[in-house]
Amino acid sequence: DDFLPLLIYSVLAAKPERLHSNAEFVAAFRHPSRLNGEDAYFLTALQSAVAFVKEASPKVLEISQEDFDRLCAESLAAAQDAERLAAAASPDAATTASPEGEVIAGEEA
């Protein structure tokens, strides 16, 4: 099934707040008519993605601690770079000019 890896990636990329508690809330309080079929499949897939992200470790992923730490650091740096680029490209980002005439994104005018 190709869906679960894509869902895991989407969960990681979206960084939703309180994902675990929200998924558990839905599981506990959904209407009994929603206990089967497509709705149950997608809830189970979401719970699986949450569990994978929560339990991911070098041992689970079958890689060395050094590789795990290096890949995590690289991914974190890439995510931070992407967030900086998105913030700089945002039309809501205020810009000002530095004394040298350079435009500085993200600072109030």
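Shown above is the structure to which this text applies.
### What to know about the overall build of the protein
On a plain count of helices and strands, the protein comes out with five helices and two strands. Its helices and strands in sequence order give the protein the pattern α-α-α-α-α-β-β, from N to C terminus. Per-residue burial over the protein gives 13% buried out of 109 residues. Contacts spanning at least 24 positions in sequence make up 37% of the contacts within the protein whose residues lie at least 6 apart. Surface exposure of the protein reaches about 8,600 Å², of which carbon and sulfur atoms provide 59%.

### Some words on the nonpolar core
Counting seven residues, the largest nonpolar core is built from L7, I8, V11, L19, A45, A49 and V50. For this core, the secondary structure elements donating two or more residues are α1 (3–14) and α3 (37–55). Discounting chain neighbours no more than four positions away, the residues touching I8 are A49, F52 and V53.

### Things to note about the environment of A13
Mapped onto the secondary structure, A13 falls in helix α1. For the pair formed by A13 and A79, sequence separation is 66 residues and the distance between their alpha carbons is 8.7 Å.

### Here we look at the pattern of salt bridges
Using the criterion set out here, one finds five salt bridges in the structure. E83 is paired through a salt bridge with K15; the nearest N and O atoms lie 2.2 Å apart. With a gap of 68 residues between them, E83 in helix α5 (residues 65–89) and K15 in the loop between α1 and α2 (19–29) connect regions that are remote in the sequence. For E83, a relative accessible area of 44% translates into the label partly exposed. Here D67 ties to R70 by a salt bridge, and the two come within 3.5 Å at their closest N and O atoms. Within this pair, D67 and its partner R70 are both found in helix α5, separated by three residues, close to a single helical turn. Using a relative accessible area of 32% as the deciding quantity, one classes D67 as partly exposed.

### A word on the packing of α2 against α3
Between α2 and α3, whose axes approach to 10 Å, the crossing angle comes to 150°. The angle between α2 and α3 falls in the class roughly antiparallel. Crossing angle aside, the handedness with which α2 passes α3 is left-handed. Contacts from L19, H20, A23, E24, V26 and A27 of α2 reach α3 at L43, L46, Q47, V50 and K54.

### Some details on α1
In this model α1 runs 16 Å from its N-terminal to its C-terminal C-alpha over 12 residues, within 8% of the 16 Å that 1.5 Å per residue would give. Within the span of α1, buried status applies to L7, I8 and V11. Down the axis of α1, the smallest arc covering the buried residues is 100°, so these residues share one side. α1 presents P5, L6 and Y9 as exposed residues on the side facing more than 90 degrees away from its buried surface.

Conventions used here
- Residues numbered from 1 in each chain as written.
- Predicted model: local features only at pLDDT ≥ 70, side-chain atom pairs only at ≥ 80, totals over all residues.
- Heavy atoms only, no water.
- Helix = DSSP H or I, 4+ residues; strand = E, 2+ residues; numbered from the N terminus.
- Buried < 20%, exposed > 50% of the residue type's maximum accessible area, 1.4 Å probe, protein only.
- Contact = heavy atoms within 4.5 Å.
- Areas by Shrake-Rupley, 256 points an atom, 1.4 Å probe, with all protein chains shown as cover.
- Core = buried A, V, L, I, M, F, W, Y, C linked by side-chain atoms within 4.5 Å.
- Salt bridge = Lys/Arg side-chain N within 4 Å of Asp/Glu carboxyl O.
- Axes fitted to C-alpha atoms, helices over the stretch in contact; angles between N-to-C directions.
- Parallel < 35°, antiparallel > 145°, perpendicular 65-115°, else oblique.
- Left-handed = near helix turned anticlockwise from the far one by under 90°.
- Expected span 1.5 Å × (residues − 1).
- Arc of directions from axis to C-beta.

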